[in-house]
Amino acid sequence: MTTASVDERPDERALAAHFTARVAAEQRIEPRDWMPEGYRRTLVRQVAQHAHSEIIGMQPEGDWIASAPSLRRKSILLAKVQDEAGHGLYLYAAAETLGVDRADLTERLIGGRQKYSSIFNYPATGFADVGVIGWLVDGAAICNQVPLCRSSYGPYARAMVRICKEESFHQRQGYELLLRMMAGTPEQRAMVQDAVDRWWWPSLMMFGPPDAESPNTRQSMEWRVKRHTNDELRQRFVDMTVPQAERLGVTLPDPALRWNEERGHYDFGEPDWAEFRRVLSGDGPCNAERIRRRRAAHEDGAWVREAAAAYAAKRSAGETR
Ligand code: FAQ
């Protein structure tokens, strides 16, 4: 006689059936609900990667706060970068509802054991990059994240609602900055075009590998953690962005880009997936620098964490007296 595995025990089977039915009925799964271990692991992976991306994502634009060309641009950029810190915090809080510890997730990030978005391993070399990051990177982030507001896991979906509102503001500030620069001098227009040339392909890579090479998509769609495949969202982003590029007066660096009447979508070229894999493996232009700075910031913040913990301990001792 063989012993039934945990998954085969009748009560576990009933719980799994209940979980599947709730997901199918578009009901939210909440932290105290039973969930399959794989579902929990997938969410920890995705939500933590997302949180890390927001925090590491502060670096490319953050570098421009000190040299923004006017007080107005400086305050806009400062507010945007602070929003990204806030997004990271909502997302770490959502991950903690799954039974993981934020300190441990941070250790995993700076130890290279957890990923963050490939896009933040590219340098922001000019001020036009701030506009292009807002337009393309936040634009891609919105495209990917609006459907996540309907993700099956309650705390993640609710965090996404708030994040998306702010991301759409970020996208507009980027586009507005670019409109201003495009109405400026030939040098300013050239800066914008140069930034678009550098950020276009990495932005398409934000959506992840092609569906045929995406190991997680099928299961994540079944669990309704993800609501669309990587390729569907990449197409949606291209369709949304081409008219914006035309309005702006920039050329997207893809000779294969053209409207396909039959499909009702733009055809576009293939991103360099070898470069994507290289960046994911740690060999992008800025990977080492991003992690080095994140680690230094974490170490520099040790005294704040210690002081907060000592204060919390003092308060709770006071409350129990
Ligand atoms: N970069 O099987 P799939 C932002 C990994 S936030 C790095 O397709 P999945 C805001 C993937 O983790 C940007 N790694 O995976 C902002 C998996 O690795 P693993 C972040 C990537 O999860 C704007 C493996 O490849 N957004 O921009 C990437 O089903 C401006 C196989 O891939 C989110 O995190 C990549 N691009 O789909 C901040 C959104 N793509 O863990 C500052 C939420 C894939 O198995 C300034 N996440 N990988 O070893 C998602 O929607 C999904 O996780 C995907 C990947 C679509 C990113």
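Use the structure listed above.
As the structure is a computational prediction, the values presented were derived from the model and not from experiment. (Residues numbered from 1 in each chain as written. Predicted model: local features only at pLDDT ≥ 70, side-chain atom pairs only at ≥ 80, totals over all residues. Heavy atoms only, no water.)

J.: Any chance you could break down the site of the ligand for me, citing the residues and the numbers?
T.: What surrounds the ligand is a group of 35 residues, the closest being Q49, K115, S214, K226 and N230. Interatomic distance of 3.4 Å between a backbone N/O atom of M206 and a nitrogen atom of the ligand. Protein burial of the ligand: of its 1,100 Å² of free accessible surface, 92% is covered by the chains. Of the pockets mapped on this structure, the ligand occupies the largest pocket. Secondary structure elements with two or more residues in the shell around the ligand: α2 (37-56), α4 (71-96), α6 (128-145), α7 (154-182) and α11 (273-283). Counting residues per element, the shell around the ligand draws most heavily on α2, at six residues. (Near = heavy atom within 4 Å. Polar contact = N/O pair within 3.5 Å; in protein donor to acceptor, adjacent residues only side chain to side chain. Areas by Shrake-Rupley, 256 points an atom, 1.4 Å probe, with all protein chains shown as cover. 1 Å grid on protein atoms, 1.4 Å probe; cavity = no way out; pocket = protein on both sides within 12 Å on 5 of 7 lines; lining within 4 Å. Sits in = over half its atoms within 2 Å of the grid points. Helix = DSSP H or I, 4+ residues; strand = E, 2+ residues; numbered from the N terminus.)

J.: Could you give me a rundown of the layout of surface pockets, with the residues and numbers involved?
T.: In this structure, the largest pocket encloses a volume near 1,100 Å³. Taken together, 48 residues form the lining of the largest pocket, with Q49, S117, M206, F207 and G208 sitting closest to its centre. For the lining of the largest pocket, the secondary structure elements donating two or more residues are α2, α4, α6, α7, α10 (230-248) and α11. A total of seven residues in the lining of the largest pocket trace back to one element, the largest contributor, which is α6. Here the lining of the largest pocket is composed, by residue class, of 19 nonpolar, 16 polar and 13 charged. Reported here for the second largest pocket is a volume of approximately 290 Å³. (Points joined across faces, edges and corners; volume = space filled by probe spheres on them. Nonpolar A, V, L, I, M, F, W, Y, C, P; charged D, E, K, R; others polar.)

J.: Can you break down the nonpolar core residue by residue, with the values?
T.: If you look at the biggest cluster of nonpolar residues, it comprises 49 residues, and the most contacted ones within it are W135, V192, W199, F237, V250 and L252. Counting residues per element, the ones that place at least two in this core are α4, α6, α7, α8 (186-205), α10 and α11. Per-element accounting of this core gives the leading share, nine residues, to α6. Aside from chain neighbours lying at most four places away, what touches V250 is W135, M182, V192, Q193, V196 and A245. Judged by nonpolar contacts, the second largest core, of 28 residues, contains Y39, Y92, A159 and I163. (Core = buried A, V, L, I, M, F, W, Y, C linked by side-chain atoms within 4.5 Å. Buried < 20%, exposed > 50% of the residue type's maximum accessible area, 1.4 Å probe, protein only. Contact = heavy atoms within 4.5 Å.)

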